[in-house]
Amino acid sequence: MSPNKMTSDLGTKYETLLADIGNTHFHIYDGKKVEHLTHADAIEKYKESKLLYISVKHQLSHEIASINKWKSISSLMKIEGEYETMGVDRKALCLSHDSGMFVDAGSAITVDVMEKGTYLGGFILPGLKTYIQGYKTISPALATTLDINLDLRELPITTKEQISYGIIASVKALIEKHRAEKQLYITGGDGLLLTTFFENTVYDETLVFRGMLKAIKDKKIC
């Protein structure tokens, strides 16, 4: 399903917003673009708008449940083979396509594999920023930023390059180990950066919303 098709369906049939409420931000899709807001800013801006949401921020449950025009669709996010404590955002991500490997590079890096509509498993890594912060806790001498121009074909010679290499190369190796011939789909705040280290990869920040839209259509929620 192309983004244009999604935009048309969402705008004309549902006339509503979709929201993925994460641990640190609201991610809101209006059928054309994704907006990233703090929890407080999102509630203030959209409390009078019709909105369907999924949420992993349980501390906000009571507050957002009291907003009359908002409706949780978390219970609709179901995939064959899911496990009991699987995050609703990961299930929505896996619903976006029947088969493939799905990487969400946010505060944590989640990796999930789907085959013909069935969940095969996955794994969870720290996010890129968490990795970087972890080095600083080892020693102030290791405080640095990620080298976004890193060349993984060369053995690095500076501290910044070596730390960046250790992070990116290990993440890439683990993903490639389980990728096989599967299409790789990447989303999340650091997803575009991570995409540059892989071949034949699709970056799409609307993947979670594609999954939400599929569940909405299947259940005929409007």
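Description of the structure in this document. (Residues numbered from 1 in each chain as written. Predicted model: local features only at pLDDT ≥ 70, side-chain atom pairs only at ≥ 80, totals over all residues. Heavy atoms only, no water.)

Describing the overall build of the chain
Move 1: Looking only at helices and strands, the chain features eight helices and ten strands.
Move 2: In terms of C-alpha radius of gyration, the chain reaches 18 Å, essentially the compact-globule figure of 17 Å for 222 residues.
Move 3: Every one of the 222 residues in the chain was classed for burial, and the buried ones make up 46%.
Move 4: In the chain, the share of contacts with a sequence separation of at least 24, taken over all contacts with a separation of at least 6, comes to 46%.
Move 5: When the accessible surface of the chain is summed, it comes to about 11,900 Å², and 52% of that surface belongs to carbon and sulfur atoms.
Move 6: Charged side chains in the chain number 27 positive and 28 negative. The centres of these two groups are separated by 5 Å. (Helix = DSSP H or I, 4+ residues; strand = E, 2+ residues; numbered from the N terminus. Rg over C-alpha atoms; globule rule 2.2 N^0.38 Å. Buried < 20%, exposed > 50% of the residue type's maximum accessible area, 1.4 Å probe, protein only. Contact = heavy atoms within 4.5 Å. Areas by Shrake-Rupley, 256 points an atom, 1.4 Å probe, with all protein chains shown as cover. Lys, Arg positive; Asp, Glu negative; His and termini not counted. Charge placed at Lys NZ, Arg CZ, Asp CG, Glu CD.)

So, the pairing of strand β4 (residues 51-55)
Move 1: Buried residues dominate β4, accounting for five of its five residues.
Move 2: A two-sided burial pattern is seen for β4, the buried positions comprising Leu 51, Tyr 53 and Ser 55 on one face and Leu 52 and Ile 54 on the other.
Move 3: The pairing of strand β1 (residues 17-21) with β4 spans five bridges and is parallel. By the bridge assignment for β4, Leu 18 is matched with Leu 52.
Move 4: For β4 and strand β5 (residues 70-72), the ladder comprises three bridges, and the chain directions are parallel. By the bridge assignment, Leu 52 is partnered in β5 with Lys 71. (Pairing = 2+ DSSP bridges.)

A short note on the sheet that holds β4
Move 1: Pairing is mixed across the open sheet formed by five strands, whose spatial order is β3-β2-β1-β4-β5. The sheet is open, and its two edges are formed by β3 (34-37) and β5, each paired on a single side. Across the sheet, the mean angle from the axis of one strand to that of its neighbour is 25°, orientation sign disregarded.
Move 2: Together, β1, β2 (26-29), β3, β4 and β5 form the strand contacts of helix α2 (residues 39-46), whose direction differs from that of β3 by roughly 120°. (Axes fitted to C-alpha atoms, helices over the stretch in contact; angles between N-to-C directions.)

What to know about the pattern of salt bridges
Move 1: Tallying each qualifying case throughout the model produces nine salt bridges.
Move 2: As a salt-bridge pair, Asp 30 and Lys 33 come within 2.9 Å of each other at their nearest N and O atoms.
Move 3: The exposure class of Lys 33 is exposed, given its relative accessible area of 51%.
Move 4: With its nearest N and O atoms 2.7 Å apart, the salt bridge here joins Arg 210 to Asp 204. (Salt bridge = Lys/Arg side-chain N within 4 Å of Asp/Glu carboxyl O.)

Topic: α2
Move 1: Among all positions of α2, only His 39, Ala 42, Ile 43 and Tyr 46 are buried. Looking straight down α2, one finds that the buried residues subtend no more than 95° of arc, so they occupy a single side. Away from the buried face of α2 by more than 90 degrees, exposed residues Ala 40 and Glu 44 are located. (Arc of directions from axis to C-beta.)

What about the side chain of Asp 147?
Move 1: Relative to the helices and strands, Asp 147 is located in the loop between α5 (128-138) and α6 (159-179).
Move 2: Nearest to the buried, unbridged Asp 147 among oppositely charged side chains is Lys 160, at 5.5 Å.
Move 3: For Asp 147, the side chain forms a polar contact with the main-chain nitrogen of Asn 149, separated by 3.0 Å.
Move 4: If sequence neighbours within four positions are ignored, Asp 147 has contacts with Lys 160, Glu 161 and Ser 164. (Polar contact = N/O pair within 3.5 Å; in protein donor to acceptor, adjacent residues only side chain to side chain.)

Concerning the nonpolar core
Move 1: Membership of the largest hydrophobic core comes to 26 residues, with the highest contact counts inside it found for Leu 18, Ile 54, Ile 73, Met 77, Ile 79, Cys 94 and Met 212.
Move 2: At the level of elements, β4, α4 (88-95) and α8 (207-219) are the ones that each hand at least two residues to this core.
Move 3: A per-element tally of this core places α8 first, with six residues.
Move 4: Formed by 23 residues, the second largest nonpolar core is a distinct cluster that contains Val 111, Leu 128, Leu 194 and Phe 197. (Core = buried A, V, L, I, M, F, W, Y, C linked by side-chain atoms within 4.5 Å.)

Structural notes on the packing of aromatic side chains
Move 1: Tallied over the entire structure, the rule returns five aromatic pairs.
Move 2: Ring centres of Phe 26 and Trp 70 lie 5.8 Å apart, and the angle between their planes is 55°; this geometry places the pair in the tilted category. In this pair, Phe 26 is assigned in strand β2 and Trp 70 in strand β5, connecting sequence segments 44 residues apart. Side by side, Phe 26 and Trp 70 carry an identical accessibility label, which is buried.
Move 3: An aromatic cluster is defined as three or more aromatic residues linked by ring pairs; in this entry it consists of Phe 26, Tyr 53 and Trp 70.
Move 4: Positioned over the ring face of Phe 198 is Lys 172, at 4.6 Å from the centre of the ring. (Phe/Tyr/Trp six-rings, centres within 6.5 Å; stacked < 30°, edge-to-face > 60°. Lys NZ or Arg CZ within 6 Å of the ring centre and 35° of its normal.)

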